[in-house]
Amino acid sequence: MVKIYTRKGDDGTTGLWYGGRVPKSSGRPEAYGAIDETIVALGLARAAAGADEALAADILRLQTELFMAGAELATAPEAHERLEVGVSKVTPEMVDRLEADIDRYMERVDLPPKFVIPGGSELSARLDLARTAVRRAERRVVDLKLAGELADETVLHYLNRASDALFAMARYADEPEPKLFEGRA
C-alpha cells in the first residue's frame, strides 16, 4: 500500500517544487490552492456536460492546463527556469487558445441586456462556480506579482482569460428560455 501522508506538513508548512518550504497560508499555496479548487469545480461541470462532447473536451483541456499553472505557482521564482514549457509552465499560446475559445462560445450566445445571475442551468452554475474560483486564484497571483514573487506574468494572463472563457462557456450552457432571465437586474 502506498502511504500518501508524510507528516512533513504537520508543522503548518508545505514543500515547493524544486525545494523550499513555505507556510501553508502563504501566497503561493493560496494561489495554487484556488487553482486546485477550480480544477475540482470543473470536474463537476465536465461530469454535467452530458452529450456535449466539445464542451466536455474544452473543460478537460482547461483542467489539464490549470494543473500546469498550479505547478508553475508551486515553484519558487528562483527555480522557475527548471519548469518545462507546456508541462509545468503556462505558455502565451495557451492564452491565445483561450481567446479563440472565448470568441467561439460568445458567437453562439445572445447575452441578456441585464446582469447574468448564475443558475440558468445546473451546468452553467457549475461553470460559474469554477469561474469564481479561478478569479480568486487570479487575485492571489496578483498578490504574488505585487510582492515581486512572480517570475513570469503569463500565468496571470492565462488565469484572466480562463475566467473569461468560463463565463463564455457558462453562458453557452445557460438555457435560452427567456423566463430564466426575468427578474435579473
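Source: prediction; values computed, not measured.

Caption draft 1: The packing of aromatic side chains, seen in detail. Across all of its chains, the model carries two aromatic pairs by this definition. Pairing Trp17 with Tyr18 gives two aromatic rings, centres 5.9 Å apart and planes at 85 degrees, and the pair type is edge-to-face. The partly exposed category is assigned to Trp17, whose relative accessible area is 41%. Tyr18 sits in the partly exposed class, given a relative accessible area of 36%. Where Tyr105 meets Tyr172, the ring centres are 5.1 Å apart and the plane angle is 65 degrees; that geometry is what we call edge-to-face. Residue Tyr105 is located in helix α3 (residues 92–106), and its partner Tyr172 is located in helix α5 (residues 154–173); the two are separated by 67 residues in the primary sequence. Arg171 extends its terminal NZ or CZ atom over the ring of Phe167, reaching a point 4.9 Å from the ring centre.

Caption draft 2: Molecular detail of the environment of Ala41. Of note, Ala41 is situated in helix α1 (residues 27–48). In this structure the C-alpha to C-alpha distance between Ala41 and Val134, which are 93 residues apart in sequence, comes to 9.9 Å. Not counting chain neighbours up to four residues away, the residues in contact with Ala41 comprise Arg126, Leu129 and Ala130.

Caption draft 3: A look at α5. Along its 20 residues, α5 runs 28 Å from first to last C-alpha, staying within 8% of the 28 Å computed at 1.5 Å per residue. Of all 20 residues in α5, 14 are buried, a share of seventy percent or more.

Caption draft 4: Layout of unusual backbone geometry. Here Arg7, not a glycine, exhibits a phi torsion of approximately 70 degrees, which is positive. Its relative accessible area of 60% is what places Arg7 among the exposed residues.

Caption draft 5: The arrangement of the pattern of salt bridges in detail. Following the criterion strictly, the structure yields 17 salt bridges and no others. As a salt-bridge pair, Asp101 and Arg61 come within 2.3 Å of each other at their nearest N and O atoms. Placement of Asp101 in helix α3 and of Arg61 in helix α2 (residues 53–73) is noted, with a sequence separation of 40 residues between them. Among the ionic pairs, Arg171 bridges to Asp128, the shortest N-O distance being 2.7 Å. Of the two residues, Arg171 sits in helix α5 while Asp128 sits in helix α4 (residues 122–146), which places them 43 residues apart along the sequence. Assigned by exposure class, Arg171 and Asp128 land together as buried. Among the ionic contacts, a cluster of salt bridges with common partners joins Asp58, Arg61, Glu65, Arg97, Asp101 and Arg104.

Caption draft 6: Here's a closer look at the packing of α3 against α5. Two elements in contact, α3 and α5, have axes separated by 9 Å at closest approach and are oriented at 20 degrees. Here α5 runs roughly parallel to α3, going by the angle between their axes. The hand of the α3/α5 crossing is left-handed. Two secondary-structure elements touch here, α3 through Pro92, Met94, Val95, Leu98, Glu99, Ile102, Tyr105 and Met106 and α5 through Thr154, His157, Tyr158, Arg161, Ala162, Asp164, Ala165, Ala168, Met169 and Tyr172. Considering only residue class, the contact of α3 with α5 consists of 13 nonpolar, two polar and three charged.

Reading the values: rules and limits
- Residues numbered from 1 in each chain as written.
- Predicted model: local features only at pLDDT ≥ 70, side-chain atom pairs only at ≥ 80, totals over all residues.
- Heavy atoms only, no water.
- Phe/Tyr/Trp six-rings, centres within 6.5 Å; stacked < 30°, edge-to-face > 60°.
- Buried < 20%, exposed > 50% of the residue type's maximum accessible area, 1.4 Å probe, protein only.
- Helix = DSSP H or I, 4+ residues; strand = E, 2+ residues; numbered from the N terminus.
- Lys NZ or Arg CZ within 6 Å of the ring centre and 35° of its normal.
- Contact = heavy atoms within 4.5 Å.
- Expected span 1.5 Å × (residues − 1).
- Salt bridge = Lys/Arg side-chain N within 4 Å of Asp/Glu carboxyl O.
- Axes fitted to C-alpha atoms, helices over the stretch in contact; angles between N-to-C directions.
- Parallel < 35°, antiparallel > 145°, perpendicular 65-115°, else oblique.
- Left-handed = near helix turned anticlockwise from the far one by under 90°.
- Nonpolar A, V, L, I, M, F, W, Y, C, P; charged D, E, K, R; others polar.

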